[in-house]
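# Topology and contacts: notes
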Amino acid sequence: MEWSFVIEKLILVSIVFVITLVIAMYSTLAERKIAGFMQDRYGPDRAGLFGILQPLCDGGKFFFKEEIIPAGAHKVLFILGPTIAIITACISSAVIPWGQELQIGDRTISLQVAQGINVGVLYMFGVIALGVYGIMLGGWASNNKFSLMGAIRAASQSISYEIAMGLSLIALLMVTRTLTLEEIVAQQSGFVNWNIWAQPLGFIIFMVCAFAECNRVPFDLPECETELVGGYHTEYSSMKLGLYMFSEYINMFVSSALMASLYFGGYNFPFMNDLGLSANMITIIGVVVFFIKILLFIFFFMWVRWTLPRFRYDQLMNLGWKMLIPLAIANIVLTGVFTLIKDTYFS
Amino acid sequence: MTVFYFVAFLSIFFALLTIFTKNPVHSVLYLVITFFTFTIHYILLNAQFLAVVNFIVYMGAIMVLFLFVLMLLNLNKDTEPMKSNLVKFIGVIAGCCLLVTFFGVYRVFDISNPLTVVNPEIGLVKNLGKVLFNEFLLPFELSSLLLLTAMIGAILLAKKEPKQI
C-alpha cells in the first residue's frame, strides 16, 4: 500500500465526514424551517440571516448544559448508548459511491471510501441493524420505565421492519445481479436504466422501512412524547441528547443516500453521455446531482413528518408483518417471473 | 498471523467474560463483542459474505432479541433463583463431557498437516452462491425446510387458542 493512496483516502474520509455532519446540522434547521412553512409561521429566524446560525447556537447550548447522569442509572452503558448511536451512524456511509472517478494529472481518484467491497449493500444493512443497540442500551441503562418502553419499542420495530427491508432488497438484487454498490450505481447510467422503473413496488417498501429504521414520523414510536414523555432519551441531557438527535439526522442522510443510489441512479443524470463534456466535468456534475437527490429525499422525510400523524403501536406491527412482508415476497416472485420471461424470450 | 492471534485472544477473552460476568445484560453485550470478533475472523479468511451475514443475523437480530427479553425480565441479583444441587451436579457432568470431547478432538487433530482452502475466493458472494446451488443444493434446501418448520412451530406456539363455541 502506497502512501499517496492512504492520504487520498484520508482526505476523502474527512470530506465525507464533514459533509455528513454539516448536512445533519443543517437538517435540524431545515426541519424547523419546513415545519414553519407548512404551519404558516416563520420558524427560527433570529440567529443570523434567515436563522442560518441557529444550528451553531443549538450545538453550543448542548455543550454548555449541565450533564446529568441519574443516580439509579447504569453509568457505563448510559454513556455507551449515545456513543454507539453516533458511531454506527457515522461509519455507515463508507460504501456509498459519491461519484465516478476523478482524473488529476495521471492519478485516478475514486470517490468512494471503501472500494470494491463485495457485499457493500449488506454492509450498510448490517450497520443500520447495529444502530438499534445505541437506543436499546441507552433506554435500559436510564433505569426509567418510559425509557425502557421506548427502547423495547425501538428494538421490536427495527427487527420487524428489517425483514421487509431485506426482502425488498432481494428483489432489487435479482435485477442488478450484484451486491457491490458501485456496480449497482454504474448500471443505472442515464435515465431509463434507473432501478425505480424496474422496482417501483420494491422502492415503496424499502422507503417505508427506511422511515421505520430511522425512527421518523409516522414511525417514531420509540420517542413518542405523548405517551412516553421523551421515549428512550427521557433521562438524557446535554450533548448526549444532542448525539442521539444528531445520529437520527445522520441516519436520515445516509438512508437518503442509499435510496438515491439504489433506486434513483446515484450520481447518474439524464443525457450525461450526450452533452460532450469531459469525464471530470461529468463526475463533478454527477456529485452535485447526487447531493441534490439526497437533499430532495431529506426534504421528503420532513414533508412526511409534518403531514402524517403517528401510527398506533398495533397498527405499526400489522403494517410491518401483515402488509409489507407479504408484499415484498410477492414482489420477489413477480420479479423472478419477469426476469425468467425476459431471459427466455427477449434475449 | 499476528492479527489472527490477537483476534483469537480477544474472542476467547470476551467469551470467558460472557460466562463469568454476573449481570445478564453485560453477559449478552460481551457475547455481542465475541460475535464481532468472529466477523473479523471471517474477514481474515476472505469469507466476506459469511462475515457480513454473521454480522447482520447474529449481532443485528438474534442478540437484539436476547437483549430485548433480558430487559423485559429485568433480572437482578436479589431475584436470582437459587440453583438446586441437582442442577449443579448436571452442570458438572455436562462440563466434563465437553472436556472429554475436546480431548478427543485434540487427539485426532493433526496440527502438522493443516487443511488448506483450495480456492481462496470461495467466500465471495458469487462463488459461494454457485457452490450452494450446485454441489450442496439438497442440504441447502433441506435446511431451509427445517427453518420453515421451526418458524411455523413458533407461530403455532405463540398463537392464542381459538375460543370454544
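As recorded in an unreviewed UniProt entry, chain B goes by NADH-quinone oxidoreductase subunit J and comes from Sphingobacterium siyangense. Of chain B, the UniProt comment under Function (unreviewed entry) reads exactly: "NDH-1 shuttles electrons from NADH, via FMN and iron-sulfur (Fe-S) centers, to quinones in the respiratory chain. Couples the redox reaction to proton translocation (for every two electrons transferred, four hydrogen ions are translocated across the cytoplasmic membrane), and thus conserves the redox energy in a proton gradient."

Naming follows an unreviewed UniProt entry, where chain A appears as NADH-quinone oxidoreductase subunit H of Sphingobacterium siyangense. The Catalytic activity (unreviewed entry) field of the UniProt record for chain A holds the comment "a quinone + NADH + 5 H(+)(in) = a quinol + NAD(+) + 4 H(+)(out)". One UniProt comment on chain A, placed under Subunit (unreviewed entry), says "NDH-1 is composed of 14 different subunits. Subunits NuoA, H, J, K, L, M, N constitute the membrane sector of the complex."

Of regular secondary structure, chain B possesses six helices and zero strands. What you see in chain B, going N to C, is helices and strands ordered as α-α-α-α-α-α. The buried share of chain B, taken over its 165 residues, is 13%. Taking the intrachain contacts of chain B between residues at least 6 apart in sequence as the baseline, contacts between residues at least 24 apart amount to 53%.

This part takes up the overall build of chain A. Regarding its fold elements, chain A presents 13 helices and two strands. Its C-alpha atoms give chain A a radius of gyration of 21 Å, within 12% of the compact-globule value 20 Å for 347 residues. With the C-alpha coordinates aligned to their principal axes, the bounding extent of chain A is approximately 65 × 50 × 50 Å. Going through the 347 residues of chain A one by one, you find that 44% of them count as buried. In chain A, the share of contacts with a sequence separation of at least 24, taken over all contacts with a separation of at least 6, comes to 79%.

What follows is about the interface of chain A and chain B. With 19 residues of chain A at the contact, the number on the chain B side is 17 residues. Of the residues that constitute the side of chain A that touches chain B, the class distribution is 15 nonpolar, three polar and one charged.

It is worth spelling out the UniProt feature "transmembrane region" (unreviewed entry) in chain A at this point. As recorded in UniProt, the feature "transmembrane region" (unreviewed entry) lies at residues 6-29, 76-96, 116-138, 159-179, 191-212, 249-269, 281-304 and 324-341 of chain A. Within residues 159-179 of chain A, the helical portion is 86% and the strand portion 0%, while the C-alpha atoms at the span's ends are 22 Å from each other.

With that settled, consider the UniProt feature "transmembrane region" (unreviewed entry) in chain B. UniProt feature "transmembrane region" (unreviewed entry): in the numbering of this structure it lies at residues 6-21, 28-45, 51-74, 86-109 and 136-158 of chain B. For residues 28-45 of chain B, the end-to-end C-alpha separation is 26 Å, with 94% helix and 0% strand making up the annotated structure.

Before going further, it helps to examine helix 4 (residues 85-108) of chain B. Here helix 4 of chain B is 24 residues long and its end C-alpha atoms lie 35 Å apart, about the 34 Å a rise of 1.5 Å per residue gives. With zero of its 24 residues buried, helix 4 of chain B lies for the most part at the surface.

Time to look at the confidence of the model for chain B. Detailed reading of predicted coordinates is not advised where the pLDDT is low. Summarising the model, chain B shows a mean pLDDT of 82, and 86% of its residues fall at 70 or more. Of the two predicted TM-score estimates for the complex, the pTM is 0.84 and the ipTM is 0.79.

Moving on to the packing of helix 3 (residues 75-91) of chain A against helix 5 (residues 132-141) of chain A. Axis angle and axis distance: for two packed helices, these are the angle between their axes and the distance between the axes, and together they describe the pair. Residues and elements named next belong to chain A. Helix 5 packs onto helix 3 with a crossing angle of 165° between their chain directions and a minimal axis gap of 7 Å. The pairing of helix 3 with helix 5 is recorded here as roughly antiparallel in orientation. For the element pair helix 3 and helix 5, the recorded crossing hand is left-handed. Contacts between helix 3 and helix 5 involve Leu-77, Phe-78, Leu-80, Gly-81, Pro-82, Ile-84, Ala-85 and Thr-88 from the former and Tyr-133, Gly-134, Ile-135, Leu-137, Gly-138, Trp-140 and Ala-141 from the latter.

Rules used in this analysis
- Residues numbered from 1 in each chain as written.
- Chains lettered and ligands numbered in written order.
- Predicted model: local features only at pLDDT ≥ 70, side-chain atom pairs only at ≥ 80, totals over all residues.
- UniProt positions renumbered as here; feature names shortened; annotations may be inferred.
- Helix = DSSP H or I, 4+ residues; strand = E, 2+ residues; numbered from the N terminus.
- Buried ≥ 20, exposed ≤ 12 C-beta atoms within 10 Å, placed from the backbone.
- Contact = placed C-beta atoms within 7 Å.
- Rg over C-alpha atoms; globule rule 2.2 N^0.38 Å.
- Nonpolar A, V, L, I, M, F, W, Y, C, P; charged D, E, K, R; others polar.
- Expected span 1.5 Å × (residues − 1).
- pLDDT = per-residue confidence, 0-100.
- Axes fitted to C-alpha atoms, helices over the stretch in contact; angles between N-to-C directions.
- Parallel < 35°, antiparallel > 145°, perpendicular 65-115°, else oblique.
- Left-handed = near helix turned anticlockwise from the far one by under 90°.

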